[in-house]
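If you want the building blocks of each chain, they are given just below.
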Amino acid sequence: MTTRKKIQKKCKIRGFTLKVDALDEILSFVSQFDDSDHDGAIDVVLEQLQLQPLKSSIIDKQTVQSVVSILLQADAAVGDETLGSLGVCDAFSVPKFRFDPIKKIFYKPSEMQPPIHGNASAKAALYKDRFLLISQRLSRHQHFAKRAFDSEMSGFGSCEISQIQALVGQTGRRWVMVGGWSFLLGRSYCVCGNQLIQYKITTGFFTENTIVLAEGEMLLEGVFQVITCGFPPLEDREKSVKLLTGHDFFGGGILTKEETLRLTELEKRAVNDMFVILSDIWLDNEEAMSKLERILDGYENQEMVPSLFVFMGNFSSHRCNLSFLPSSLRLQFGKLGQIIAAHQQLTKHSRFLFIPGPDDPGPSTVLPRCALPKYITEELQKHIPNAMFSSNPCRIKFYTQELVFFRQDLLYRMRRSCLIPPSTEETDDPFEHLVATITHQSHLCPLPLIVQPIIWNYDHSLYLYPTPHTIVLGDRSEQKAFKYTGITCFNPGSFSREGTFVAYYPCTQEVELSALEDSDSM
């Protein structure tokens, strides 16, 4: 059987109809391989086609070209060990998807990159998109899935979420509502917050704009009185990924099943890979720089050096405002480059990633923050050409693992913005409350916009959906590590103040909390 007939037969089995130019495009791709590999190459193309959000079963040339382009990029990434193992995704490159509540599918609102300055509708869409993201996740949960048959037995152990208008006159019974705290979505949802303090809440920080589930009953006055309040339940990452097949929420690209298996095998062998993460590296502080040099000296003398150093801001002990001279920080980055370049093993075998902090130079304090200005980093790049500068937050893909890095003094601000004191029934650790909040909200920074401004059109770059494998929260608070529902979360602490940092082994997701001895607080 000829290769052309093989392609037509395999397409027919999978329900595809190829146009002539599409068939020629597949033939051109398959001809790059040996005759013995033709069947495998055809299967790879057709499997990737099945991952695409196709509007029709009739395949044209443009669709095949886009699939072939994805396969070639994936093959190039895996062929280069460095690029294949580690990919850095800027926040402004994260694809944007929206959920259609009618069709119940995710779709790309536009192929164009959204503008930085959105119109008024973009602010409303920000809240709507956050709500729809969580509501579609909630609709699949076993306790809130819609019943197939309206009977007492089918409703055992589950409940259906309804709009508040449906509860008018339904007094004397308990209901579960979902909505945003202290703001109304349309006119459908309302939470009575003035009486909530005397009732039970779950773990987490309840701030304005967080989305909550509230159990209570409707009073005769038309007020929904809350009895228990908590965050929407999480969804397993595997389940989310399976449902979102063909959609790249993270930004690392879509891999075929074969490439995923290949990367998984390479990941299992990468037992010696280690990331060293430091936060608050004050380049204008001599003591902080001497501490950093001690760390670099220590790793330089090891047989296996770290594969990645992540330096998170702030990079100055003073806020970079209008009185700040950028030339001074430029020179300090140049000195840092000289210090790193003096360690030949690290320069040769390690990579260095720089993520800006909330007080570093930039257009504003709004999130996401762009990478450090090129003018400031030019001197460092002369000494370390392979240094990487990314946004805040930043996403890293290590083989098949997804890691999110976020530098913000989030714990302090979340505690300040709490509407009610957090529950101490399950835990009294503020860091655990913080991790529970951002994971259940599927958002890195669920603070009110007046507390932490966010670029309306890029709010999706702060989503935590599907949940990543690891979340690194650079915070000036105490160094902590916490594993929550399979998600590894840790805070390396403030390096310049406390001398703390973290050594992270991505292969085993092991977190090693570290600190320099005799480190004085500043």
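So, here's what we can say about the structure. (Residues numbered from 1 in each chain as written. Predicted model: local features only at pLDDT ≥ 70, side-chain atom pairs only at ≥ 80, totals over all residues. Heavy atoms only, no water.)

Let's shift gears to the pattern of salt bridges. Per the stated rule, a full pass over the model turns up 19 salt bridges. Asp280 is the partner of Arg407 in a salt bridge, and the nearest nitrogen-oxygen pair spans 2.9 Å. In this pair, Arg407 is assigned in strand E15 (residues 401–407) and Asp280 in the loop between strand E10 (275–279) and helix H9 (286–300), connecting sequence segments 127 residues apart. Accessibility expressed as a relative area gives 1% for Arg407, which makes it buried. Classification of Asp280 by relative accessible area gives buried; the value is 1%. Beyond isolated ion pairs, a larger network of salt bridges with shared partners links Asp280, Arg407, Asp409, Arg476 and Arg497. (Salt bridge = Lys/Arg side-chain N within 4 Å of Asp/Glu carboxyl O. Helix = DSSP H or I, 4+ residues; strand = E, 2+ residues; numbered from the N terminus. Buried < 20%, exposed > 50% of the residue type's maximum accessible area, 1.4 Å probe, protein only.)

Across its 13 residues, helix H8 (residues 257–269) extends 19 Å between first and last C-alpha, which sits within 8% of the 18 Å expected from 1.5 Å per residue. When H8 is considered as a whole, its buried residues turn out to be Glu259, Leu263 and Glu267. Seen from one end, H8 has its buried residues packed into an arc of 75°, which puts them on one side. Facing away from the buried surface of H8 by more than 90 degrees, the exposed residues are Lys257, Leu261, Lys268 and Arg269. (Expected span 1.5 Å × (residues − 1). Arc of directions from axis to C-beta.)

Looking now at the sheet that holds strand E17 (residues 480–484). With mixed pairing, the six strands of this open sheet are ordered in space as E3-E14-E15-E16-E18-E17. Of all strands in the sheet, those with a lone pairing partner are strand E3 (86–90) and E17, marking the two edges. If you compare each strand with its neighbour and ignore which way they point, the axes differ by 20° on average. (Pairing = 2+ DSSP bridges. Axes fitted to C-alpha atoms, helices over the stretch in contact; angles between N-to-C directions.)

Taken together, the six strands give an open sheet; going across it, the order is E13-E12-E11-E10-E19-E20, and neighbouring strands pair in mixed fashion. Of all the strands in the sheet, the pair left with one neighbour each is strand E13 (388–389) and strand E20 (510–515). Pairing of E10 with strand E19 (residues 500–505) involves three bridges; the strand directions are antiparallel. Each residue of the ladder has a partner; that of Val276, found in E19, is Ala503.

Our next topic: the packing of aromatic side chains. As enumerated under the stated definition, the model contains 22 aromatic pairs in all. For the ring pair Phe106 and Tyr465, a centre distance of 6.4 Å and an interplane angle of 35° mean the geometry is tilted. Pair noted here: Phe106 is in strand E5 (residues 105–107) and Tyr465 is in the loop between helix H14 (430–441) and strand E16 (470–474), with a separation of 359 residues, a long-range link. By the burial criterion, Phe106 is buried, and Tyr465 matches it. By way of ring pairs, the aromatic residues Tyr299, Phe309, Phe311, Phe315, Phe333, Phe352, Phe354 and Phe389 are connected into one cluster. One cation-aromatic arrangement involves Arg330 over Tyr375; the distance from NZ or CZ to the ring centre is 4.6 Å. (Phe/Tyr/Trp six-rings, centres within 6.5 Å; stacked < 30°, edge-to-face > 60°. Lys NZ or Arg CZ within 6 Å of the ring centre and 35° of its normal.)

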